[in-house]
Each structure stands twice: as structure tokens, then as C-alpha cells.
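The lines below spell out each chain.
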Amino acid sequence: MEILCLCGSLRRSSYNRAALDAARGLAPAGMELRIAPLGYLPLFNPDIVENTEVANLTHAIAHADAVLIASPEYAHGISGPLKNALDWLVSDQTFPGMPVALINTSPRASHAMAALREVLTTMSANIVERACISLPLLGSELDAAGIADDPALAKALRDMLNELADEIRQNPRLSAVQKRET
Ligand SMILES: Cc1cc2nc3c(=O)[nH]c(=O)nc-3n(C[C@H](O)[C@H](O)[C@H](O)COP(=O)(O)O)c2cc1C
């Protein structure tokens, strides 16, 4: 199983990035997490018809069994890097039906999560609610190793990944499976 991770923060010591890095190390056997580099994408412009970074992103989406998003809230909204990436994927033909799990690293940040759900629903994603979690990382000073070493946080991440794996097994995305076989 291939899980493509989208991180809405470009910050070096990002809690969201740390949560995704920790999840990568906690993934069950047979599941691989890959983090897409969103910082190199051009600002969305429908006039751009060919771009290597956009092509890499859409290629990774086509091969993914699911997407895992961890993103901060900025000024009660979705972070710019994440919204930019999603805008590039709006017309992507393999995105509709994509199982998506969300990690909120700041339980007080509800506006961005609500907006993100609205955007993903508009893009016909399959938001896997039982695989959406909130981790109290803001102010914790934890890095990926610290998150993985914390029993409660590690359990929440493992449970989330197992729920996502269950969803993938129940509703496999044919496009991802077929593309890997060709
Ligand atoms: C410009 C800016 C705006 C922010 N706006 C909000 C906000 O509206 N709501 C909130 O809960 N946190 C807000 N925060 C806090 C960030 O979400 C928080 O610092 C988060 O940890 C950043 O994610 P990261 O650690 O992955 O980089 C804001 C931070 C910055 C720098």
C-alpha cells in the first residue's frame, strides 16, 4: 500500500511534518508512506500546462492508494502550500474517490480543518473519518522521534494507519493498482 503524505507546513521544525515522519516509521507491514515535496510547486495557474513538479505530484497521486494530510491553520484558513497543491489536483482525473485521512496537530485549529473538509468534498475525495485524528502537538516541542516514543501519540498514529489500511482493503482504488502493474 502506498500512502502519499501532504504536509501543509514548509517549516523545518514543523509539528505537522514531524507527525508525518513519525507515522512513516510506525506504518504497518506492507504500507509505505511517502511525503510529497509541496514547496517546489509553482503557484497554481491554469495557463501552466507542463511543469515537472506538478507532473511529479499527479504521478504520485495516480500511484497512491490513499492520501494522508497534516496541515497547520493560518489565519483561520488552510495553509497556502496545501491549498496550492490541492488546486493543482482539482482537475486531476485520478483524485476523485481517493481515501483521505487528516491529522490535526493543534486541536484548537478548527477553521482550517472545516475548510479542508469542504475543499476535499468538493474534489470528490473519500474522507475516511475514522482515520482522521487530532494530536496535541502544539507547544509540545516534540520531534518525530519524540512523537514515536510517546505511547499515546504512537498509538493514535498506528490506529489511524490501520483504519486507513482497512479502508484501502475494503475499497481498493483500481487506478492505483493498475498503474503499478503497468
Ligand atoms: C501566520 C500564522 C498564522 C496562524 N494562524 C493560526 C490560526 O488562525 N489558528 C491556529 O490555531 N493557529 C494559528 N497559527 C499557529 C500555527 O498553526 C502553529 O504554529 C502550527 O504549529 C504551525 O504548524 P507547523 O508546526 O507544522 O509549522 C498561526 C501561525 C502563524 C505563523
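Below you will find a few notes about this structure. Note that the coordinates shown come from a computational prediction; the quantities given were computed from them, not determined experimentally. (Residues numbered from 1 in each chain as written. Predicted model: local features only at pLDDT ≥ 70, side-chain atom pairs only at ≥ 80, totals over all residues. Heavy atoms only, no water.)

Turning our eyes to something else, we now look at the site of the ligand. Around the ligand lies a shell of 13 residues, among which Ser9, Arg11, Ser14, Asn16 and Glu73 are the nearest. At 2.9 Å, a backbone N or O of Tyr15 approaches an oxygen atom of the ligand. Here an oxygen atom of the ligand and a side-chain polar atom of Arg108 are 3.0 Å apart. When isolated, the ligand has an accessible area of 620 Å², and the protein chains bury 68% of it. At the level of secondary structure, the elements contributing two or more residues to the shell around the ligand comprise α1 (15-26) and β4 (73-74). Of the residues in the shell around the ligand, the class split is six nonpolar, four polar and three charged. (Near = heavy atom within 4 Å. Polar contact = N/O pair within 3.5 Å; in protein donor to acceptor, adjacent residues only side chain to side chain. Areas by Shrake-Rupley, 256 points an atom, 1.4 Å probe, with all protein chains shown as cover. Helix = DSSP H or I, 4+ residues; strand = E, 2+ residues; numbered from the N terminus. Nonpolar A, V, L, I, M, F, W, Y, C, P; charged D, E, K, R; others polar.)

The next thing to look at is the environment of Ser71. When you line up the elements, Ser71 lands in the loop between β3 (66-70) and β4. By relative accessible area, which is 5% here, Ser71 ends up buried. Taking C-alpha positions, Ser71 is 13 Å from Pro37, a pair spaced 34 residues apart along the chain. Apart from residues no more than four positions distant in its own chain, Ser71 is found in contact with Gly8, Asn16, Ser79, Leu82, Ile103 and Met113. Of note is the side chain of Ser71, whose polar atom sits 3.5 Å from the side chain of Ser79. (Buried < 20%, exposed > 50% of the residue type's maximum accessible area, 1.4 Å probe, protein only. Contact = heavy atoms within 4.5 Å.)

Take helix α6 (residues 151-170) next. Between its terminal C-alpha atoms α6 stretches 28 Å, which fits the 28 Å expected from 20 residues at 1.5 Å a residue. Taken together, the buried positions of α6 are Leu153, Ala154, Leu157, Met160, Leu161, Leu164, Ala165, Glu167 and Ile168. The arc enclosing the buried residues of α6, seen along the axis, measures out at 160°, which places them on a common side. In α6, the exposed positions angled more than 90 degrees off the buried face are occupied by Pro151, Ala152, Arg169 and Gln170. Measuring from the backbone nitrogen of Ala152 back to the side-chain oxygen at the start of α6 gives 3.0 Å, which picks out Asp150 as the cap. (Expected span 1.5 Å × (residues − 1). Arc of directions from axis to C-beta.)

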